[in-house]
Amino acid sequence: MNDDPWALCEVLAEPPEARGAVMLHFLDGFMDAGQAGRGVVDHLFKTLEHTPVASFDVDQLIDYRSRRPNLTFSIDRWSDFEAPQLVVYLMRDASDRPFLLMTGPEPDFAWERFVDSVEDLIEHWHVPLTLGFQGIPMGVPHTRSLGMTVHATRPELVFDNRPVFNEVTVPGNAAGLLEYRLGESGRDAIGLSVHVPHYVMQMTYPAATMRLLEGIREATGLDLPSDEDLELERAQVDSDIAEQVAESDEVADVVKTLEEQYDSFTEAADADEMLQEGRIPTADELGAAFESFLAERQRGDDDK
């Protein structure tokens, strides 16, 4: 086996604009509730021109038997093969600022060599910031603003963040490993995880995609275009969900409970000086603050 990380990646073009450009990345295969991250990629492909500038050798990275690509049969012959592709594209935002987008299937094999290859590309093009994005399922209602967990390799890169987790262990994923290794090597990287209501995680949820686009704009300064079709899709999905809630008392009760929990947590967090100071509380501290808030609320109800 060739341990050279460049053996996994081929630079297809050397446009000067690639040097110093921010790199966005999204890999299919791990968690993406509401298809939020996939929606961002589709939006960028739809609204911006994209030129391939690097490609990974998927034959070394993908397990074809676990994710069988499509073969098309026409009458008496095989006529097409949809080969998987893991590619870095050069794009320009609405203000003509260049940026890179790496997207494709998450590697099944050789994660460390894949990460080394990406780091080589980052060094080769002097990429100042790498940013990944996804949707994660949360017990939150669709009737409230979507939260987002922002994580980064330096505290100074974290913005607009209300911590939900103190510490949690999740299944490994290549994008997370990339961010971790970039932090170890002293490089700037950010991850955005939008909170998608768990009861809509299997469907396309445009509101989550729009929240990620807002986060990418804030984190990078990129002038990413809006999309009227995406807004129309969001309105239609919200209408469909509202109709389903109205037709089921059971679903309505679940949403109401989630709203009460969400509002209670938000009020408790707003009143908690630990969060206002930017310090991440422990699980015990969060629980104590939440219990204190509920006790105060109960006392208020008893006094009425």
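Here, the structure is the one placed above.
These numbers were taken from a predicted model, which means no experiment stands behind them.

Asker: Got a minute to help me understand the environment of G37 in this structure?
Answerer: Counting through the fold element by element, G37 comes out in helix α1 (residues 36-47). For the pair G37 and F133, spaced 96 residues apart in sequence, the C-alpha separation works out to 5.8 Å. If we ignore the near neighbours within four places in the chain, the residues touching G37 are F26, D32, F133, Q134, G135 and L212.

Asker: When you look at the packing of helix α2 (residues 111-124) against helix α3 (residues 174-184) in this model, what are you seeing that I'm missing?
Answerer: In helix packing, the relevant descriptors are the interaxial angle and the interaxial distance, both defined with respect to the helix axes. The N-to-C vectors of α2 and α3 enclose an angle of 55°; their axes lie 10 Å apart at closest approach. What the angle tells us is that α2 and α3 run oblique. Between α2 and α3 lies a crossing whose hand is right-handed. Note on element contacts: α3 touches α2 through A174, L177, L178, R181 and L182, opposite W111, E112, F114, V115, V118, E119 and I122. For the contact of α2 with α3, the residue count by class is nine nonpolar, no polar and three charged.

Asker: Explain α1 to me, please; I cannot follow it from the model alone.
Answerer: Note that an α-helix has 3.6 residues per turn; residues three or four places apart therefore point the same way. Spanning twelve residues, α1 covers 17 Å between terminal C-alpha atoms, matching the ideal 16 Å at 1.5 Å per step. Buried within α1 we find A36, G37, R38, G39, V40, V41, H43 and L44.

Asker: Got a minute to help me understand the packing of aromatic side chains in this structure?
Answerer: Between two aromatic rings, the relevant description is the distance of the centres plus the angle of the planes. A complete count under the given rule lists four aromatic pairs for this structure. When the ring of F45 is compared with that of Y89, the centres are 5.1 Å apart and the planes differ by 75°; the resulting orientation is edge-to-face. In this pair, F45 is assigned in helix α1 and Y89 in strand β6 (residues 87-92), connecting sequence segments 44 residues apart. Under the relative-accessibility criterion, F45 is labelled partly exposed at 24%. The exposure class of Y89 is buried, given its relative accessible area of 13%. Ring geometry for F73 against W78: centres 5.2 Å apart, planes inclined by 75°, an arrangement best described as edge-to-face. Judged by relative accessible area, which is 48%, F73 ranks as partly exposed. Taking relative accessible area as the criterion, W78 reaches 58% and is therefore assigned exposed.

Asker: Sorry if this is basic, but what is going on with the pattern of salt bridges here?
Answerer: Proximity of charged atoms lets side chains of opposite charge pair with each other. On inspection of all chains with the given rule, the structure shows 18 salt bridges. With its nearest N and O atoms 2.6 Å apart, the salt bridge here joins R181 to E112. On the criterion of sequence distance, the pair formed by R181 in helix α3 and E112 in helix α2 is long-range, its members being 69 residues apart. Overall, the relative accessible area of 22% leaves R181 in the partly exposed class. Through salt bridges with shared partners, a single network forms among E17, R92 and D96.

Parameters at a glance
- Residues numbered from 1 in each chain as written.
- Predicted model: local features only at pLDDT ≥ 70, side-chain atom pairs only at ≥ 80, totals over all residues.
- Heavy atoms only, no water.
- Helix = DSSP H or I, 4+ residues; strand = E, 2+ residues; numbered from the N terminus.
- Contact = heavy atoms within 4.5 Å.
- Axes fitted to C-alpha atoms, helices over the stretch in contact; angles between N-to-C directions.
- Parallel < 35°, antiparallel > 145°, perpendicular 65-115°, else oblique.
- Left-handed = near helix turned anticlockwise from the far one by under 90°.
- Nonpolar A, V, L, I, M, F, W, Y, C, P; charged D, E, K, R; others polar.
- Expected span 1.5 Å × (residues − 1).
- Buried < 20%, exposed > 50% of the residue type's maximum accessible area, 1.4 Å probe, protein only.
- Phe/Tyr/Trp six-rings, centres within 6.5 Å; stacked < 30°, edge-to-face > 60°.
- Salt bridge = Lys/Arg side-chain N within 4 Å of Asp/Glu carboxyl O.

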